[in-house]
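Chain and residue survey
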Amino acid sequence: MDRELIILVVGAVLCLGVLYWMLAGNEVGHLRTQYFLRVRLPRDEAEKSLARHLAGLQERHPGKSEAWYLRQVLADLRRDRR
């Protein structure tokens, strides 16, 4: 009985880990899509603009995740449009 419970708990933890890993990867894609929808530029110009924003943030705040940088870029866009 205890052995089955341990196997069940370990399996559940592994499933949650895989789910988190999958969703974290999708967050970056979702954030990039939000950026491209918010800026009204042709796609190639929007990609260059995003690259410049990301490079500036990475220089000022090294070591953060890509999702963190993208959230900051989107927050800056929202703030600037007020």
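Everything below is about the structure shown above.
Residues numbered from 1 in each chain as written. Predicted model: local features only at pLDDT ≥ 70, side-chain atom pairs only at ≥ 80, totals over all residues. Heavy atoms only, no water.

**A closer look at the packing of aromatic side chains**
The tally for this structure, following the rule as stated, stands at two aromatic pairs. Here Tyr35 and Phe36 contribute two aromatic rings whose centre-to-centre distance is 5.7 Å and whose plane-to-plane angle is 75°, an arrangement assigned as edge-to-face. For Phe36, a relative accessible area of 15% puts it in the buried group. Seen from their ring centres, Trp68 and Tyr69 are 5.4 Å apart, and the 85° between their planes marks the pair as edge-to-face. You can call Tyr69 buried: its relative accessible area is 3%. Here Arg43 stacks its cationic end above the ring of Phe36, 3.8 Å away from the centre of that ring. Here the guanidinium or amino end of Lys64 rests over the ring plane of Trp68, the centre of that ring lying 5.2 Å away. (Phe/Tyr/Trp six-rings, centres within 6.5 Å; stacked < 30°, edge-to-face > 60°. Buried < 20%, exposed > 50% of the residue type's maximum accessible area, 1.4 Å probe, protein only. Lys NZ or Arg CZ within 6 Å of the ring centre and 35° of its normal.)

**Notes on the packing of helix H2 (residues 43-60) against helix H3 (residues 66-80)**
Orientation of H2 relative to H3, taken along the N-to-C sense of each, is 110°, at an axis distance of 10 Å. With respect to their mutual orientation, H2 and H3 come out roughly perpendicular. Viewed along their axes, H2 and H3 form a crossing whose handedness is right-handed. Seen from H2, the contacting residues are Leu50, His53, Leu54, Leu57 and Gln58; seen from H3, they are Tyr69, Leu70, Gln72 and Val73. Residue composition of the contact of H2 with H3, grouped by class: six nonpolar, three polar and no charged. (Axes fitted to C-alpha atoms, helices over the stretch in contact; angles between N-to-C directions. Helix = DSSP H or I, 4+ residues; strand = E, 2+ residues; numbered from the N terminus. Parallel < 35°, antiparallel > 145°, perpendicular 65-115°, else oblique. Left-handed = near helix turned anticlockwise from the far one by under 90°. Contact = heavy atoms within 4.5 Å. Nonpolar A, V, L, I, M, F, W, Y, C, P; charged D, E, K, R; others polar.)

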